[in-house]
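Here is what each chain is made of, one letter per residue.
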Amino acid sequence: MESVVFVQDIKNNTWVTCEDETYKTEDLEKIACGIVLYHFDDCFFYNSQDRHWRRIDGVQSVEDFQGLVCYHDLSDRFERQRSLNMDRAIFPFRWRICRKEENSYVMFALDMLCGPIRVPYYGNAPLNSSLQFLTMSFSMDVATRRMLKAREDLLYYKSNSYADYCRCDVVHIPPVVMQSMVKFLQEGAGRAFGIKPSVLMAVEGVGFPDRFISRPFDVNITYLRNFLGKDVFEKHFPWQQKDNFQPLCQLLGIDKPPKSLRKAYSFNPYVPVIFLILKQWGLQDINHIQKFFGYDRTIFNVYLANFRAVFRPDGVVIDCCESGCDWQRLGGYARFILERKGEKHFVKVFSRLSLNPWNEYVRDILRMLYDYQGLFSEEILKLLLAQGETRIVHDLMAEAVNRQKYQNVKLEYDDNKLRHGRTMLNCECSIDGYEFHLVKDTDDLYEIGGALCNCVASYRWDVVHYISAIFYVKKDDKYLACIEVKDQNAIVQASGYCNRELRGTLLEYFAYWAYVKGLRIGSKCLEECIRSAGIEPEKLYYEVRKLMTAEAYQKMNFEELTGLADEDIRNGWYIRFLQLLNEKRRFRLAAPPWMEFLDERSYLNYVLPEGGRLIEDAEKGVREAMFVLGVMYLQGRLLMPDLEKSRHWLLRAERKGNRMAAGFLERLDIPEKRLHLMDDLKLMEGLMKMRQRARKAGLLLN
């Protein structure tokens, strides 16, 4: 039997071939195994024999350890988390690959320790946990095209980026191990079919063995299964077919494929996709096209695996299924550059877009150029070609959009135009002076964008077509931030002046506002900001509730006011309730003449269904509630006018110390003065607001 075993060299943090026969063949439970775990500046060591964690100075402290050692650094994954709480951590110790010389199947196994890890706080050693020995194994037979897997749930299929490689709750197959596995599979295929298939592309990803078994003579074609569609793939590329390049070119309409395309396909299966994309955009020179053949994972900030071929009678069209991708806008930008500057400049610009991560300026410029190209002057377009996607170009384009498109459009939010549209209206509120407003006129976007120095005015198309809802935050008549909410109540971005991240108190109230209004954070960047600031909206909710004042009530609408919890009700709430109810209901409910009521409360519950809290608190003796109920009887708008009942409630309020009730009672019996009582009520409300402002400014003692 031919076999190879890999163990970890912790000095160089690499996997090497094991030469010790004991470590190659002995059961892992009979071997001493150790784990070196880095967590920020601390280093810990776990010994499988005594099952205890202890602090060490570094890897050099365990160089004399007699056994297998696994090294892992958690600092990258838990960069912002000072504590660790993992239900499953995986620590690989030994990779084994073996094959009998007379058979075509290959055995592949990983021996590991697996179990939960708990680090209560930064600087503490992990709590002693029950790590268990596990084995994940594959049995792969190229001849029968079968693969049997044990513990496949531990594998990670999605990505091979460095950030994902730092994860320790899933298994990653190291490249050196994967290369040895493929070598065994190639030899098994050669023994089964008489021809040893070659693999020139980079071997990576845990899904590669499945691809090899599926199409051993051309693994590259399996990467295009989703691109072509399952039915088309199975029809045109059977597993025994050895040369798929020519049929692929015929299927995609590439009549005379260049030699460089064939050569590059051997190393990168996505080369035909890149070739078609650039041809679709208008590039003709193969010398310029082949400069993009080296991108084997992403191109133009888009994953190559997310492209799809659309077969039409007039040819094949490439489309992208990646969520949130600006594919159509990117194509428009490509044609714009080719038309104005040619292919050489295109290569320069799009190489930069492929190599560097995009910022918000790039995305906004692509969107504005595609949606509003006719609005920009020739000077702005020349500046874009000369400088690229810079902030200066971005601001000039945003200003042009602001001035010329969608001026003075009134927005009506309802559930027919925007999903949860009515919910958006209910999100307007004021929290301790921070006012959250919903944009209801497109001209407001220009003012907000100018105050915050951002491109929110270029979102007019999205707002007018109810794709997004834009909120803005003000305090003391100063703009502080703007917030974009999309479908399903998801906040996709929130930024302050010059698109800066929200910080400090503003970030706290933003998180609280989103939590209370039932909006979910749909941006990983925002989630990270809130988490790194140590903000817990659930706890903040109870702190902010204490800030409810009569001044805050004056900035609330009816739904916000009536939706407050009982502990948030204070003086000023009942007067604001009366004001809003008068605005909301222009008529009074009258009971039918045949209906009899047992007491006054049953009558009030019938004619004043919105006033349950007011009625209950008035009966409990809350002086402002009794005063408001007396005013309602006096007004005769929401209740039938009744001077006796008005006097009754005002008198009760006056005895509790309500000064406004005392003033009303003095003039209630004088008909000439009774006519001016409602004017007096408005005057007293104004005086109450003035007292609150003076008290807040320190000019009036409590």
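Just so it is clear, the model here is predicted, and its values are computed rather than measured.

Colleague: Now, about the sheet that holds strand 6 (residues 68-73): what can you tell me, with residues and values included?
Modeller: Ordered in space as 5-4-3-6, the four strands form an open sheet in which the pairing is mixed. At either end of the open sheet lies a strand with only one pairing partner, and these are strand 5 (52-56) and strand 6. The mean angle between the axes of side-by-side strands here comes to 25°, regardless of whether they run parallel or antiparallel. Note that strand 3 (residues 33-39) and strand 6 share six bridges and pair parallel. Residue pairing for strand 6: Tyr38 is matched across the bridge by Asp73.

Colleague: Tell me about the environment of Glu29, residues and numbers included.
Modeller: Residue position: Glu29 is located in the loop between helix 1 (21-25) and strand 3. Taking the C-alpha atoms as reference points, Glu29 and Leu134, 105 residues apart in sequence, are found 9.8 Å from one another.

Colleague: Go over helix 14 (residues 378-387), please, and point to the residues and values.
Modeller: For helix 14, every residue scored as buried is listed here: Ile380, Leu381, Leu384 and Leu385. Angularly, the buried residues of helix 14 cover 140° about the axis, an arc narrow enough to put them on a single face. The outward face of helix 14, more than 90 degrees from its buried face, is lined by the exposed residues Glu379, Lys382 and Ala386. A positive backbone phi angle near 85° is found at Gly388, which sits one or two residues after helix 14.

Colleague: Report on the confidence of the model for the protein, specifying residues and quantitative values.
Modeller: Per-chain confidence: the protein averages 80 in pLDDT, with 82% of residues scoring 70 or above. Counted against residues more than four places away or in other chains, residues 77-82, with its pLDDT under 50, gives 16 contacts. Considering only residues more than four positions removed or in separate chains, one finds that residues 154-167, a stretch of pLDDT under 50, has 35 contacts.

Colleague: Please provide a residue-by-residue account of the packing of aromatic side chains, values included.
Modeller: Applying the stated criterion across every chain yields a total of 30 aromatic pairs. Taking 6.3 Å as the distance between ring centres and 35° as the angle between the ring planes, the aromatic pair formed by Phe510 and Trp513 counts as tilted. On the criterion of helical spacing, the pair formed by Phe510 and Trp513 is a turn pair, its members being three residues apart in helix 19 (residues 504-516). Site record: aromatic cluster; members linked through ring pairs are Trp281, Phe292, Tyr295, Phe300, Phe307, Trp327, Tyr333, Phe336, Phe346 and Phe350. Positioned above the aromatic ring of Tyr479, the side-chain terminus of Lys474 is 4.8 Å from the ring centre.

Colleague: Help me get a handle on the pattern of salt bridges, residues and values and all.
Modeller: Close approach of charged atoms lets side chains of opposite charge pair. Here the structure, examined in full by the defined rule, presents 20 salt bridges. Here Asp395 and Arg391 are joined by a salt bridge, their closest N and O atoms 3.7 Å apart. Of this pair, Asp395 and Arg391 are both found in helix 15 (residues 391-404), four residues apart, which corresponds to roughly one turn of the helix. Arg503 is the partner of Glu501 in a salt bridge, and the nearest nitrogen-oxygen pair spans 3.7 Å. A single network of salt bridges, built from pairs that share partners, joins Glu2, Arg99 and Glu187.

Reading guide: rules and limits
- Residues numbered from 1 in each chain as written.
- Predicted model: local features only at pLDDT ≥ 70, side-chain atom pairs only at ≥ 80, totals over all residues.
- Heavy atoms only, no water.
- Pairing = 2+ DSSP bridges.
- Helix = DSSP H or I, 4+ residues; strand = E, 2+ residues; numbered from the N terminus.
- Axes fitted to C-alpha atoms, helices over the stretch in contact; angles between N-to-C directions.
- Buried < 20%, exposed > 50% of the residue type's maximum accessible area, 1.4 Å probe, protein only.
- Arc of directions from axis to C-beta.
- pLDDT = per-residue confidence, 0-100.
- Contact = heavy atoms within 4.5 Å.
- Phe/Tyr/Trp six-rings, centres within 6.5 Å; stacked < 30°, edge-to-face > 60°.
- Lys NZ or Arg CZ within 6 Å of the ring centre and 35° of its normal.
- Salt bridge = Lys/Arg side-chain N within 4 Å of Asp/Glu carboxyl O.

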